Structures are given as structure tokens and as C-alpha cells.
Amino acid sequence: MLKIMPLLFFKVKVVVYLCSLVILVMTTNAKSDQYLQKRAEILKEEEKEFSGGQENLTENEEKVNRYLLQLKQLELWQFYNNSSEFLPARNFLEAREEIDKSEVFKFIRKLPKGASLHTHMLAAVNVDYIIKNFTYMDHVYGCRNEMGVFKLRVMESPKEDANCSWKSLKTYRKEYEERGRDFDLFLRNQMALNHTAVNQSKNEVWTKFKNTFSCIYDLVSYRPFFQRYIYRLLEELYEDNVFYTELRGTFMPLYDLSTTYDTKVFFDTFIETVEDFKSTHPNFMGVKYIHCIYRGVDPTTVRANLSQLRNFFEAYPDFVAGLDFVGQEEEGHNIIDFYAELLEFSKDLKFFFHAGETNQFGHVDLNLVDAMLLNCSRIGHGFALAKHPKLIAMGMAQGVAVELSPISNQVLKLNEDPRNHPASVLLSQDYPVVISNDDPAAWDATGLSYDWYVTFMSMTWKNQGLRVLKKWAKDSIEFSAMTDKSLARGKWHMQWDDFVDRMAETVNVSFRE
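Read on for a plain summary of the structure. All of these numbers come straight from a predicted model, not from anything done at the bench. (Residues numbered from 1 in each chain as written. Predicted model: local features only at pLDDT ≥ 70, side-chain atom pairs only at ≥ 80, totals over all residues. Heavy atoms only, no water.)

1. Points about the overall build of the protein
Piece 1. A tally of helices and strands in the protein yields 19 helices and 12 strands.
Piece 2. Dimensions of the protein along its principal axes, counting C-alpha atoms only, are 130 × 60 × 45 Å.
Piece 3. Per-residue burial over the protein gives 51% buried out of 513 residues.
Piece 4. Relative to all contacts within the protein whose residues are 6 or more apart in sequence, the contacts with residues 24 or more apart total 77%.
Piece 5. Carbon and sulfur atoms form 52% of the exposed surface of the protein, whose accessible area is close to 24,000 Å². (Helix = DSSP H or I, 4+ residues; strand = E, 2+ residues; numbered from the N terminus. Buried < 20%, exposed > 50% of the residue type's maximum accessible area, 1.4 Å probe, protein only. Contact = heavy atoms within 4.5 Å. Areas by Shrake-Rupley, 256 points an atom, 1.4 Å probe, with all protein chains shown as cover.)

2. With respect to a negative patch on the surface
Piece 1. A cluster of acidic side chains, namely Glu-41, Glu-45, Glu-46 and Glu-49, defines a negative patch on the protein surface.
Piece 2. Relative accessible area serves as the criterion here: at 40%, Glu-45 is assigned to the partly exposed category. (Patch = residues over 30% accessible without salt bridge, like charges linked within 9 Å, V, L, I, M, F, W, Y side chains within 5 Å. Salt bridge = Lys/Arg side-chain N within 4 Å of Asp/Glu carboxyl O. Lys, Arg positive; Asp, Glu negative; His and termini not counted. Charge placed at Lys NZ, Arg CZ, Asp CG, Glu CD.)

3. Some details on the packing of helix 6 (residues 169-178) against helix 7 (residues 183-191)
Piece 1. Running from amino to carboxyl end, helix 6 crosses helix 7 at an angle of 120°, the nearest separation of the two axes being 9 Å. For the element pair helix 6 / helix 7, the angle class is oblique. Between helix 6, through Leu-169, Tyr-172, Arg-173 and Tyr-176, and helix 7, the contact on the second element is made entirely by Phe-183, Asp-184, Phe-186 and Leu-187.
Piece 2. Class assignment of the residues belonging to the contact of helix 6 with helix 7 gives a composition of 6 nonpolar, no polar and 2 charged. (Axes fitted to C-alpha atoms, helices over the stretch in contact; angles between N-to-C directions. Parallel < 35°, antiparallel > 145°, perpendicular 65-115°, else oblique. Nonpolar A, V, L, I, M, F, W, Y, C, P; charged D, E, K, R; others polar.)

4. Considerations on the sheet that holds strand 2 (residues 140-144)
Piece 1. Strand order in this open sheet of 3 strands is 3-2-4, and the pairing throughout is antiparallel. Of all the strands in the sheet, the pair left with one neighbour each is strand 3 (150-154) and strand 4 (167-168). (Pairing = 2+ DSSP bridges.)

5. Topic: a nonpolar patch on the surface
Piece 1. A cluster of nonpolar side chains, Ile-336, Tyr-339 and Leu-343, forms an exposed patch at the surface whose accessible area comes to about 290 Å².
Piece 2. Looking at where Leu-343 falls in the secondary structure, it is placed in helix 12 (residues 339-345).

6. Some words on the pattern of salt bridges
Any two side chains of opposite charge can pair if their charged atoms end up close together.
Piece 1. Applying the stated rule across the entire model yields 36 salt bridges.
Piece 2. Among the ionic pairs, Glu-239 bridges to Arg-232, the shortest N-O distance being 3.4 Å.
Piece 3. Judged by relative accessible area, Glu-239 falls into the partly exposed class, the value being 48%.
Piece 4. One salt bridge connects Asp-498 with Arg-502, and the closest N-O pair in it is separated by 3.0 Å. You can see Asp-498 and its partner Arg-502 sitting in helix 19 (residues 485-506), 4 residues apart, about one turn around the helix.
Piece 5. You can call Arg-502 partly exposed: its relative accessible area is 44%.
Piece 6. Within the structure, one salt-bridge network assembled from shared partners comprises Arg-96, Asp-100, Asp-128, Arg-188 and Asp-444.

7. Points about the pairing of strand 1 (residues 114-120)
Piece 1. Counting buried positions along strand 1 yields 7 of 7 residues, so the element is predominantly enclosed.
Piece 2. Here 5 bridges tie strand 1 to strand 5 (residues 242-249), and the two strands are oriented parallel to one another. By the bridge assignment, Ser-116 is partnered in strand 5 with Thr-245.

8. Some details on the side chain of Ser-116
Piece 1. Topologically, Ser-116 is positioned in strand 1.
Piece 2. Looking at Ser-116, the relative accessible area reads 0%, which means it is buried.
Piece 3. Here the side chain of Ser-116 touches Thr-119 through a polar contact of 2.9 Å, side chain to side chain.
Piece 4. Other than its neighbours up to four places away in sequence, Ser-116 contacts Leu-237, Val-242, Tyr-244, Thr-245, Glu-246, Asn-437 and Leu-448. (Polar contact = N/O pair within 3.5 Å; in protein donor to acceptor, adjacent residues only side chain to side chain.)

9. Quick notes on the packing of aromatic side chains
Piece 1. Within the structure shown, the criterion is met by 46 aromatic pairs.
Piece 2. Ring-pair connections join several aromatic residues into one group, and the members of that group are Phe-226, Phe-251, Phe-266, Phe-267, Phe-270, Tyr-289, Phe-312, Tyr-316 and Phe-319.
Piece 3. The ring of Tyr-255 carries Arg-153 above its face, with NZ or CZ at 4.2 Å from the centroid.
Piece 4. Above the plane of the ring of Tyr-172 lies Lys-167, whose end atom (NZ or CZ) is 4.6 Å from the centre. (Phe/Tyr/Trp six-rings, centres within 6.5 Å; stacked < 30°, edge-to-face > 60°. Lys NZ or Arg CZ within 6 Å of the ring centre and 35° of its normal.)

10. Re the pairing of strand 10 (residues 378-381)
Piece 1. Bridge count between strand 9 (residues 354-355) and strand 10: 2 bridges; the pairing is parallel. Counted as the bridge partner of Ala-355 is His-381 from strand 10.
Piece 2. Handedness of the crossover joining strand 9 and strand 10 through helix 13 (residues 367-373) is recorded here as right-handed.
Piece 3. Relative to strand 11 (residues 401-404), strand 10 runs parallel, the two sharing 3 bridges. Within the sheet, the bridge partner assigned to Gly-380 lies in strand 11 and is Glu-403.
Piece 4. Crossover strand 10 to strand 11 through helix 14 (residues 389-398) is right-handed. (Right-handed = clockwise from strand over helix to strand, strands pointing away.)

11. Remarks on the state of the cysteines
Piece 1. Under the criterion given, the structure shown has 1 disulfide.
Piece 2. The disulfide that involves Cys-143 links it to Cys-164, with 1.5 Å between the sulfurs. Judged by the sign of its S-S torsion, about 85°, the bond between Cys-143 and Cys-164 is right-handed. Placement of Cys-143 in strand 2 and of Cys-164 in the loop between strand 3 and strand 4 is noted, with a sequence separation of 21 residues between them. Cys-164 matches Cys-143 in its accessibility class, with the two residues each being buried.
Piece 3. Not part of a disulfide, Cys-215 finds its nearest cysteine sulfur in Cys-143, a span of 10 Å.
Piece 4. Taking relative accessible area as the criterion, Cys-215 reaches 1% and is therefore assigned buried. (Disulfide = S-S within 2.5 Å.)

12. Things to note about unusual backbone geometry
Piece 1. Phi is positive for Asn-241, which is not a glycine, with a value near 65°.
Piece 2. Of note, Asn-241 is situated in the loop between helix 9 (223-239) and strand 5.
Piece 3. The residue Lys-413 is not glycine, and still its phi comes out positive at about 65°.
Piece 4. By the secondary structure assignment, Lys-413 is in the loop between helix 15 (406-411) and helix 16 (423-428).

13. Focus on the environment of Leu-187
Piece 1. With respect to the element layout, Leu-187 can be found in helix 7.
Piece 2. Looking at Leu-187, the relative accessible area reads 0%, which means it is buried.
Piece 3. In the structure, Leu-187 is positioned 310 residues away from Asp-497 in sequence and 43 Å away in space, judged by C-alpha atoms.
Piece 4. Those residues in contact with Leu-187, other than ones at most four positions away along the chain, are Ile-131, Thr-135, Phe-150, Leu-152, Leu-169 and Arg-173.

Here it is in C-alpha cells:
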């Protein structure tokens, strides 16, 4: 009996140990399950709060969504071990041709995108079109002025100009050909940025960028060219499945070989061209104009512009949307410098201010405060908003959408890797964002799809697909200055459903979550 006792005691210890081990494992498993459950809940909540997280998908939309995620994740995996080659992270001036080959980009190109709400009129038509269709015409002259800017203009014969020696483009072409050089390539480099901008400083790029506007301003102001230019601008958007746009510009003094016209002719010609386009493109919803004032002017000039704009708003209420300030935000005046004038006109005019297009904090970005206080309808770029929680709350309450243009921010050296773009913070909170193209011709883009692609691939989760894109398209209508949003919603939904149904019939989904 005494010999048996140690053995029994040993067995009891083993049983107790095993029971304790089972309890420990069960407790650990329970804690592990709780941990994983809590983790899943956090991720689920974050996904719901992200832009598009509340969108419901139909059966066909779910099928198309699975296909889109298959494309997206394959492309993300392709660059997983070589992130420096990730297309949105490469400078667009170098990556565009590769982006054209992306299956995700091709998908987005087909998508009904609704509206383009932040496009500068003078940088919105592909420069090759301008060179081919305008610069080979008679009476087109060019010269390099005292500032080193090459300017183009239509005239009966070279005019006397102390700052510029005008010469016909036919002569320029002949001289370049004799030297074995390509004059069209020279023109292209005056009208748009090229690969050299990739390695230039921010100020150098901005200087070159501003010169592209000066190069074509007089050329496009020639009334017959202006009409063709606007028509082609709308074609490029329409071909990218955009059915409405709001264009930023100035009162251009249109002219022909014998006459310079007043601003009324500018508006009448603009509107007539839009109506001509609508007559041959019945799904196109229209255009509105946002007048721009350069930041470098004085308050007296601002007041005069505001007064003039108010008169034109009363004369063309269905065409004139409102006012913006343009120019590099870190140069010239801030909104606070004109707040008294702007307050005076705020009851009559809507504001669409460039604000927060800066990496500065607590300085130039404070334009965002004034934009909110002046009840701005939308904010151009606005990525500095991510640093201002109070302003985010104000913007959400007031319904002030941000016009996001990631390619512009990258090329102009404000945020060179869109994976680190501050707008991701806004998208994560479902802050209203409309994807915009800013100045597409300046970096050899057309339409909206490139900016949609860059935002989609670099600023959304790898498992976020059609819901996000659907939300962006719907918001482009909701936050527009469109006169009849109800009609636009209906037209877009028809286009969207047709797109989804066609895609659902053709896609082959092998993706598994």
C-alpha cells in the first residue's frame, strides 16, 4: 500500500497538470478568439467609415466588384517586392504609358464617372491636338518675349512689339527643318511639362507650368480656335465617360483678324459651343464656368472683378457658377487679405477656392479657415485639411467637398508619392471628395481616369473596389453646381446600370477572398 501511494500521487499530479493545461489552452484560445474578434470588428468599422463603405451592391455589382478586386490585387502583388516601380508612385510624366496598359486603368476608363469639377480651361486639351489643328493654319505667329516665354498668336501680319519679334510658324518650321530639328517637338515642350520636370525643383516646375498657359493664351483666344478648343475639351471628357464639367478660367478677350470682342461675346461664344456639343451628344449634361482671379492682384482689382462677375452671374445664371483664386498658393495674397470684399459679395456669389494646396502647417494652409468661414461650396486640392480636425468637422457639417487632384500634386512637387497623400485621412472618414484632373494637358493626360486610377490604387484598401468608385461618381453629381441634379442622377444611374450589366456578362471571376 505504501508503495502504491507515490504512484497514485504522481498520477494525480499528472491529471491536475493536464487539467490545468487544458484550462490554460481553453483560456488562451478564448482570449485569442476575443482578440481576433475585436480586431475584425475594428477593421469592419474602419471599412464602413471609409468612402463608399455604406454603398449597397446588387448581385451583378458584386460580381463586377469581385472581378475588379482580382485586377487590383494582381496589380498590387506585381509591385509587392518592388514598390519603387508601383505605377502611381512613379512620376506621372514617366509612368503614363505604363498606366495605359494597366487592366485596372482600362476598367476605370469604361466607368461612368459623372462630373469633372476642377479643370482649368487653358490646360484641358491635349497639346498634340492644338499643334496639329491650330499651328499649321495661316496667320499663326510666334515669338519669345523678354521673359523667355514663347507665345503664339493669330494676326494678319507681324505687329510691332518692342518685347517680341513675331515670326510666322511656317518660317519657324522651315528654319528648324533646315537645322534638322523638330519644331512641333519644340512647341510641345512649350505647351506642356516633359520628363525634365521630374528632377527639377518645385519652383522650377511651377515656373515652367505657368509658362504653358502664357504660351497658348492668345492662340486659343482667337475666336474660331476658341470654339474648336472648347468643343474638343468636351469631347475628351465625354470620351472618358464624363457627362458634365465645371471649368475654371478668366474673361478671355476673344478676337479675330479684324476685331477684339468684349466679355459678353466670350460668354455667348462659350455657351453656343456648349449647346452645339450637347446637340450632337444628348447624354452630355452641360458646363458651368468658375471665374478665376490671380492671387497676386490688389484688393481694388478683386473688387472690380467681383462686381463684374456679379453682373455676368445675373446675365448668365445657368452658366456662371462662382469665383476662385488661382496661382501658387505659397505666393501672392491669402484669402484673409480680401475677406472684406468677399464678405460683401458672398450673398450673391458662390466660392470655389483653391485652399490648403500646400505642405505648410499653420501658415498658408490657414486659407482653409477663411474658405470655411466664407461658406465655400468646394475646396480646390485642400489636402492640408487633414491637419485641421476642427475644419474637417466644419466641412462635414457644411457639406464642403474637397476637389482631389493627386497627379497635379505629384507633378507639381507637393506630394510626390500618393500613397502618403493626406487626402487618405479624409477618405478614411468618408469626408466628401470629388476626384478631379486640374490641368491634364500640362502632363499629357486626358479625361478623369488617370486621377481616378491613382487615387484608387494608392489611397484605398486592397479589398475596396466598386463601392468606392460608385461613391466618387455619385459625389461628383451631389457636390456639383449643376442646375438639375435630379435629372443628372437619373441619367448617371442608367449609364451605371448599363455598364454593370455589360461587365457582369463578360467578366471571368476567378478571384477568391
